[in-house]
Amino acid sequence: QQQVKQSPQSLIVQKGGISIINCAYENTAFDYFPWYQQFPGKGPALLIAIRPDVSEKKEGRFTISFNKSAKQFSLHIMDSQPGDSATYFCAASMGGTGRRALTFGSGTRLQVQP
Amino acid sequence: NAGVTQTPKFQVLKTGQSMTLQCAQDMNHEYMSWYRQDPGMGLRLIHYSVGAGITDQGEVPNGYNVSRSTTEDFPLRLLSAAPSQTSVYFCASSFRGPSYNEQFFGPGTRLTVL
């Protein structure tokens, strides 16, 4: 059972364009939604994260939009650069007494063409 | 700080062999976990630990054992390797659980089981 569904699987964007990656979740107990960035041969690294009490969070060129009623969240990369070419994973977790782990989406391979 | 370190970086095993993947962190993190990464499936949790002497199963624990005798180390043991265990394995740690806390990932171990 895939609790976090991510799309698209791959994305090609021109330099300067906007990259958009979408995720949908099923478990309404999730209360933390991070995005991780992974370069080839490296481990994932936290990029940006949001809690469901806000609808948007921006850090530089990266923005998370969150729609609690639709159970969806997305990553927007403005002015995409070739250095942004990587695989991006959305994830979700819940606090409290549930399993203390991140549930990851399947990943999106982003290629930014110069 | 070295962060999260993993050894070996690459490993080839024959079916039925056993081995231990090593993971260590020098950030005094309570929470450590093991994920496997397979194409198109994101990262899936194998086992995790909330402190020395405390471990629990994740989403895909079969065929793997863990122990946590110290805060720093969290080895993953493959008892009898199978081709289905061919994957890239990542160890991660955080100050507390993964909710609201950045997970720091190691560089990964690429395992091939023939």
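Everything below is about the structure shown above.
Definitions and cut-offs
Residues numbered from 1 in each chain as written. Chains lettered and ligands numbered in written order. Predicted model: local features only at pLDDT ≥ 70, side-chain atom pairs only at ≥ 80, totals over all residues. Heavy atoms only, no water. Helix = DSSP H or I, 4+ residues; strand = E, 2+ residues; numbered from the N terminus. Buried < 20%, exposed > 50% of the residue type's maximum accessible area, 1.4 Å probe, protein only. Salt bridge = Lys/Arg side-chain N within 4 Å of Asp/Glu carboxyl O. Phe/Tyr/Trp six-rings, centres within 6.5 Å; stacked < 30°, edge-to-face > 60°. Pairing = 2+ DSSP bridges.

J.: So what exactly am I meant to see when it comes to the environment of Glu26(A) here?
T.: All names here are of chain A. Locating Glu 26 in the fold gives a position in the loop between strand 3 (19-25) and strand 4 (33-38). Judged by relative accessible area, Glu 26 falls into the partly exposed class, the value being 35%. Remark: the alpha-carbon pair of Glu 26 and Ala 49, spanning 23 residues in sequence, is separated by 18 Å.

J.: Quick question: what am I supposed to make of the pattern of salt bridges here?
T.: Any two side chains of opposite charge can pair, on the condition that their charged atoms come close. All names here are of chain B. Applying the stated criterion to the full structure yields four salt bridges over all chains. Among the salt bridges present, the one from Arg 36 reaches Asp 38, with a minimum N-O distance of 2.9 Å. A residue is classified by how much of its surface remains accessible, and Asp 38, at 10% relative accessible area, is buried.

J.: Before we go on, may I ask you to explain the packing of aromatic side chains in this structure?
T.: The relation between two aromatic rings is expressed through the spacing of the ring centres and the mutual angle of the planes. Residues and elements named next belong to chain A. Evaluation of the coordinates by the stated rule reveals 17 aromatic pairs over all chains. Judged by centre distance (4.8 Å) and plane angle (45°), the ring pair of Tyr 25 and Phe 33 falls under tilted. Taken individually, Tyr 25 and Phe 33 each receive the classification buried, so the pair is uniform in this respect. Ring centres of Tyr 25 and Phe 66 lie 6.1 Å apart, and the angle between their planes is 15°; this geometry places the pair in the stacked category. You can see Tyr 25 sitting in strand 3 and its partner Phe 66 sitting in strand 7 (residues 62-67), a full 41 residues away along the chain. Residues Tyr 25 and Phe 66 agree in their burial class; the two are buried. Taken together, the ring pairs in this structure connect Tyr 25, Phe 30, Phe 33, Trp 35, Phe 66 and Phe 73 into an aromatic cluster.

J.: Would you take a moment to explain the pairing of strand 4 (residues 31-37) of chain B for this structure?
T.: As a general feature of sheets, a regular strand has side chains that alternate between the two faces. Residues and elements named next belong to chain B. Most of strand 4 sits out of view: seven of its seven residues are buried. Of the two faces of strand 4, the one lined by Tyr 31, Ser 33, Tyr 35 and Gln 37 and the one lined by Met 32, Trp 34 and Arg 36 are each fully buried. The sheet contact formed by strand 4 and strand 9 (residues 87-94) spans seven bridges and is antiparallel. Within strand 9, the position partnered with Trp 34 by the bridge is Cys 91. In the sheet, strand 4 pairs with strand 5 (residues 43-51) via six bridges, with the strands oriented antiparallel.

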